[in-house]
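Structural overview for review
What follows is each chain in one-letter form.
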Amino acid sequence: MLLLVPLRLGLKTFNAEVYRQPLAHTFALHQSVGFVGGTPRHALWFYGASSDGTKVYGLDPHTVQDSPRRGENSNVILSDEYLRSVHCMYPSTMDMSRIDPSLALAFYCRDRSDFDDLCRSLEGMKVEGKKCGIAELFSVADAAPDYCANVSSAMVEMYDDESESEIGKSDSDEEYIML
């Protein structure tokens, strides 16, 4: 399974002060295959970060490469010549604070146990992050939320409670209005 997790890590600009370290730490997960991001109108595929998380290393997915040759029985031939052609002599580097806040993390899980291991690793990062004051990028829930739950009765109760406590107050005393 290729799991893509779209994120927005800042409003107009990437919030490097908060998200630089946890984003760099995701590369340490063995299921991580990087993230797609970059700058507006210029996407890059990032595959690693410096140890302090200030720089990320990436490849330009717009660079076209020849496909490998196929032999008998449609087997792919990965010759030395082909492997040298796909090697990138000068990978793109970017200061982490310059990336666009919209990005998508990517994880590859071979099977269910690999996915479960990813979830445990993310939980471990969350626990360690709390100790060190590092923000959580996203969370994994055990079950989907019940979007069909009937919340109208709870809203009526909340409104009634507010109405009773507001008896005798003028409109100017209200701090908020419940819609």
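Let me begin by describing the structure that accompanies this report. (Residues numbered from 1 in each chain as written. Predicted model: local features only at pLDDT ≥ 70, side-chain atom pairs only at ≥ 80, totals over all residues. Heavy atoms only, no water.)

As for the sheet that holds strand 8 (residues 102–108)
Pairing is antiparallel across the open sheet formed by 6 strands, whose spatial order is 1-8-2-3-4-7. At either margin of the open sheet sits one strand with a lone partner, and together these are strand 1 (2–8) and strand 7 (92–95). On average, each strand axis in the sheet is tilted by 35° relative to the strand beside it, whichever way the strands run. (Pairing = 2+ DSSP bridges. Helix = DSSP H or I, 4+ residues; strand = E, 2+ residues; numbered from the N terminus. Axes fitted to C-alpha atoms, helices over the stretch in contact; angles between N-to-C directions.)

Describing the pairing of strand 3 (residues 42–49)
Sheet topology places strand 2 (residues 32–39) next to strand 3; 5 bridges connect them, and they run antiparallel. Bridging across to strand 3, phenylalanine 35 finds its partner in phenylalanine 46. Between strand 2 and strand 3, which pair antiparallel and follow one another directly, the connecting turn spans 2 residues, one of which, arginine 41, has a positive phi of 65°. Note: strand 3 against strand 4 (residues 55–59), 4 bridges, orientation antiparallel. Counted as the bridge partner of phenylalanine 46 is glycine 58 from strand 4.

Let's talk about the packing of aromatic side chains
Here the structure, examined in full by the defined rule, presents 3 aromatic pairs. Seen in terms of ring centroids, phenylalanine 27 and phenylalanine 35 are 5.8 Å apart; in terms of plane orientation they differ by 35°. Their pairing is tilted. Overall, the relative accessible area of 0% leaves phenylalanine 35 in the buried class. Between phenylalanine 35 and phenylalanine 46 the ring centres are 4.9 Å apart and the planes differ by 35°, which places this aromatic pair in the tilted class. Residue phenylalanine 35 is located in strand 2, and its partner phenylalanine 46 is located in strand 3; the two are separated by 11 residues in the primary sequence. Among the aromatic residues, those joined into a ring-pair cluster are Phe27, Phe35 and Phe46. (Phe/Tyr/Trp six-rings, centres within 6.5 Å; stacked < 30°, edge-to-face > 60°. Buried < 20%, exposed > 50% of the residue type's maximum accessible area, 1.4 Å probe, protein only.)

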